Amino acid sequence: MKRYRIAAIGFIILMGSLVGSRSYGAEYDYIDITNPFLRKSPIAIPLFKASVEDPATVSLSRLASDLLSSTLSFTGYFRIVEPDEPLPEKDTGDIVASAIDFGYWTKTGAELLITGGLVVTAGVVEIELRLYDTFKETLVVGKRYKGSVNDYRQIIRRFCSEVTYQMVGSRGFFDSKIAFLSTGSGHKEIYISEFDGFNIVQNTHDQTITLSPSWSSDGKWLAYTSFSKGKADLYIRHLSEKRGAVLNKEGINISPSWVPGRFSLGATLSFSGDQEIYLLTGTGKIIKRLTHSRGIDVSPSFSPDGQKMAFVSRRAGTPQIHIKDLATGQIRRLTFEGRYNTQPSWSPKGDKVAYSSLAGGKSNIYVIGIDGTGMMQLTQDEGDNESPSWSPDGSLLVFSSTRQGPSRIYMMNAFGTDQRRLLALPGEQFEPRWSPNLIHNPESMMRTE
């Protein structure tokens, strides 16, 4: 990616903090995210100004500005504008608004501009970032951050959250992670990456088959099924502390799904002889049985308010998605088209369910309104596409696909556009599950049953 160096004259010493950053701008409404034919906003992000010309500081300025570009591009809302010609000799890209040549940037096609400056002192980085509307020649939002040099990724992502909040009214997904399965070790294990596929870490080492990772709504717990003891048992683990629970009732214990805002989860158990969905505490104790029908009931997914549950049932003869009102007990069938509809994932906005449908020997991903209307096919003619999972803001879906041969993890927006591969590791990757935003979901928000 090309970057044009900007002079370091007049750098402003930054005194804010990462937590207590100060906003200069007001909210704008630039991008209509309800439009399936979303027009990406052209945005320019020239190389950040470095306070001094030492190699380490200049390198960090390049890393930070490139990370900001790639992260905003990742959202699908923005198109990065790269000038065909170097910046004019005068300080047109200066972080100070009075020195910015807005006319130059509008000629490049950029409707938005982000300028930045940073200084590094004894391992501490101070960064100021500003978002401008180039046509109105106004500041939209400005932030000052201070932290360890190693915190620069977090700082940039925090500012990306500010940008998307100003543009679309959402904080985005920049503090989230993705759990998925991979066979790279020779076994099917759980791995976790940051939302953009960066910093992949193997999470389980069971050396067996592991399935169905599910995040708690505070992002601190992971539930999954493992065959480490020879059969399908349910594991509930705290990700940073050595504590958790195992549910190993007779039969299978599968397809866990946490209830939003609560320390409880649904899962399919077969100790009664039939595969039914039960509500469990976060310590693996049964609270109550949620389904009562002959045939298989699996794959619960709860509405954002925790009041309803989507699940897969064969009560109609073929696997179809149903919705249960947990207060009244009323159950209604959601999907009628297709003979094999599975893997429901309730959107964070509460208005849609994404799912996988098998037809013609291929699986594809669909979304449907919770009232049964507006069904839309998002993938087609590109291998098997399965296991959709929503980003915390509901703008993107992560899924697995065999479109290039082995199963890999892919990403697309909520309308099925901008489909691209997220990551590729040795072996194959399956069943991605997107976490909530981890910083903005304190444990105190979860309550027990």
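Refer to the structure above for everything that follows.
These numbers were taken from a predicted model, which means no experiment stands behind them.

**Q** How should the overall build of the chain be read in this particular structure?
**A** When helices and strands are tallied, the chain shows three helices and 30 strands. For the chain, the proportion of its 449 residues judged to be buried stands at 52%. Partitioning the intrachain contacts of the chain with sequence separation of at least 6 by distance along the chain shows that 47% fall at a separation of at least 24. With an accessible surface of roughly 18900 Å², the chain has 51% of that area assigned to carbon and sulfur atoms.

**Q** Is there a simple way to explain unusual backbone geometry in this structure?
**A** Despite not being glycine, glutamine 207 shows a phi value in the positive range, around 55°. Inspection of the secondary structure puts glutamine 207 in the loop between β9 (201-202) and β10 (210-215). Phi angles above zero are rare outside glycine, and serine 299 is one such case at about 55°. When you line up the elements, serine 299 lands in strand β18 (residues 297-302).

**Q** Would you mind showing me how to read the pattern of salt bridges here?
**A** Opposite charge on two side chains allows them to pair when their charged atoms are near. Considering all chains together, one arrives at 18 salt bridges under this definition. Here lysine 143 and glutamate 162 are joined by a salt bridge, their closest N and O atoms 3.7 Å apart. Within this pair, whereas lysine 143 is found in strand β6 (residues 138-148), its partner glutamate 162 is found in helix α3 (residues 152-168), the two being separated by 19 residues in sequence. Linking arginine 433 and glutamate 431 is a salt bridge whose minimum nitrogen-to-oxygen distance equals 3.9 Å. With a relative accessible area of 14%, glutamate 431 lands in the buried category.

**Q** Explanation requested: helix α1 (residues 55-74) in the structure shown.
**A** Every α-helix carries 3.6 residues per turn, so stepping three or four residues along brings you back to the same face. Taking 1.5 Å per residue as the helical rise, α1 with its 20 residues ought to reach 28 Å, and the 28 Å between its terminal C-alpha atoms agrees with that figure. Among the residues of α1, those classed as buried are Thr57, Val58, Leu60, Ser61, Ala64, Ser65, Leu67, Leu68, Ser69, Thr71, Leu72 and Phe74. Residue aspartate 54 occupies the N-cap position of α1, its side-chain oxygen lying 3.2 Å from the main-chain nitrogen of alanine 56.

**Q** I tried to follow the sheet that holds strand β29 (residues 420-423) on my own but got confused; where do I start?
**A** Two strands in a sheet stick together by hydrogen bonds in their backbones, pointing the same way (parallel) or opposite ways (antiparallel). Taking strand neighbours across the sheet as the criterion, the four strands line up as β26-β27-β28-β29 in an open arrangement whose pairing is antiparallel. A single partner strand is all that each edge strand has here, and the edge strands are β26 (385-390) and β29. With strand direction ignored, the average angle separating the axes of adjacent strands in the sheet is 35°. Pairing of strand β28 (residues 408-413) with β29 involves three bridges; the strand directions are antiparallel.

**Q** Is there a simple way to think about the packing of α1 against α3 in this case?
**A** How two helices pack is summed up by the angle between their axes together with the distance between the axes. Running from N to C, α1 and α3 point in directions that differ by 40°, and their axes come no closer than 10 Å. It follows that α1 is oblique to α3 by the angle criterion. As α1 packs across α3, the resulting crossing turns out to be right-handed. Between α1 and α3, the residues in contact are Leu60, Leu63, Ala64, Leu67, Leu68, Thr71 and Leu72 and Tyr152, Arg153, Ile156, Phe159, Cys160 and Val163, respectively. For the contact of α1 with α3, the residue count by class is eleven nonpolar, one polar and one charged.

**Q** What is the right way to read the environment of phenylalanine 159 from this model?
**A** Within the secondary structure, phenylalanine 159 is located in helix α3. Looking at phenylalanine 159, the relative accessible area reads 0%, which means it is buried. Residues phenylalanine 159 and glutamate 128, spaced 31 residues apart in sequence, show a C-alpha to C-alpha distance of 9.7 Å.

**Q** Could you clarify how one ought to interpret the pairing of strand β14 (residues 253-258) in this entry?
**A** Extensive coverage of β14 is indicated by the burial of five of its six residues. With four bridges joining them, β14 and strand β15 (residues 264-269) adopt antiparallel strand pairing. Across the sheet, serine 257 pairs through a bridge with glycine 266, a residue of β15. Here β14 folds back onto β15 in antiparallel fashion, the turn holding five residues, of which glycine 261 has a positive phi close to 80°.

**Q** What should I look at first to understand the side chain of serine 61 in this one?
**A** The residue serine 61 is located in helix α1 in this model. Residue serine 61 is classed as buried on the basis of its relative accessible area, which comes to 0%. Polar contacts involving the side chain of serine 61 include one to the main-chain carbonyl oxygen of valine 58, which spans 2.6 Å. Excluding residues within four positions of it along the chain, serine 61 makes contact with Leu47, Phe48, Ala50 and Leu118.

**Q** I would appreciate a short explanation of the environment of proline 42 in the present structure.
**A** The residue proline 42 is located in strand β1 (residues 41-44) in this model. The buried category is assigned to proline 42, whose relative accessible area is 3%. As for proline 42 and threonine 106, which are separated by 64 residues in sequence, their C-alpha atoms are 9.9 Å apart.

**Q** Got a minute to help me understand the packing of aromatic side chains in this structure?
**A** Any two aromatic rings considered together are summarised by their centre-to-centre distance and by the angle between their planes. What the rule picks out here adds up to 16 aromatic pairs. Pairing phenylalanine 74 with phenylalanine 195 gives two aromatic rings, centres 5.4 Å apart and planes at 75°, and the pair type is edge-to-face. Taken as a pair, phenylalanine 74 in helix α1 and phenylalanine 195 in the loop between β8 (189-194) and β9 lie far apart in primary sequence, 121 residues in all. The residues phenylalanine 74 and phenylalanine 195 share a single accessibility class, namely buried.

Cut-offs used in this document
Position numbers for residues start from 1 in each chain and track the written sequence from start to end. Local features in this predicted model are restricted to residues of pLDDT 70 or higher, and side-chain atom pairs are both shown and tallied only at a pLDDT of 80 or more, whereas totals for entire chains, interfaces and linings draw on every residue. Side-chain figures throughout are based on the complete set of non-hydrogen atoms in the structure, without hydrogens or water. Comment: elements are numbered from the N terminus, with helices defined as DSSP H or I runs of at least four residues and strands as E runs of at least two. Remark: exposure states derive from per-residue accessible area (1.4 Å probe, protein chains only) relative to the maximum for the residue type, with buried under 20%, exposed over 50%, and partly exposed in between. Two residues form a contact once any of their heavy atoms are found within 4.5 Å. Every accessible area reported is derived by Shrake-Rupley at a probe size of 1.4 Å, with residue values counting cover from the shown protein chains alone. Salt bridge, as used here, is a side-chain nitrogen of Lys or Arg placed within 4 Å of a carboxyl oxygen of Asp or Glu. To estimate the expected span of a helix, count its residues, drop one, and scale the result by 1.5 Å. Under this definition, polar contacts are N or O atom pairs within 3.5 Å; protein pairs additionally need one hydrogen-donor-capable and one acceptor-capable atom, and for neighbouring residues in sequence, both atoms have to be side-chain atoms. At least two DSSP bridges between two strands are needed for those strands to be called paired. Axis geometry follows a simple rule: fit a line to the C-alpha atoms, using only the stretch in contact for helices, then measure angles between N-to-C directions, giving values from 0 to 180 degrees. We call two directions roughly parallel when the angle between them is under 35 degrees, roughly antiparallel when it is over 145, roughly perpendicular when it lies between 65 and 115, and oblique otherwise. By definition, any crossing whose near helix is turned counterclockwise from its far helix by less than a right angle is left-handed, and any crossing with a clockwise turn is right-handed. Each residue gets one label: Ala, Val, Leu, Ile, Met, Phe, Trp, Tyr, Cys and Pro are nonpolar, Asp, Glu, Lys and Arg are charged, and the others, such as Gly, are polar. Paired rings are identified among Phe, Tyr and Trp, the last through its six-membered ring, by centres lying within 6.5 Å, and are further divided according to the angle between planes into stacked (under 30 degrees), edge-to-face (over 60) and tilted (the rest).

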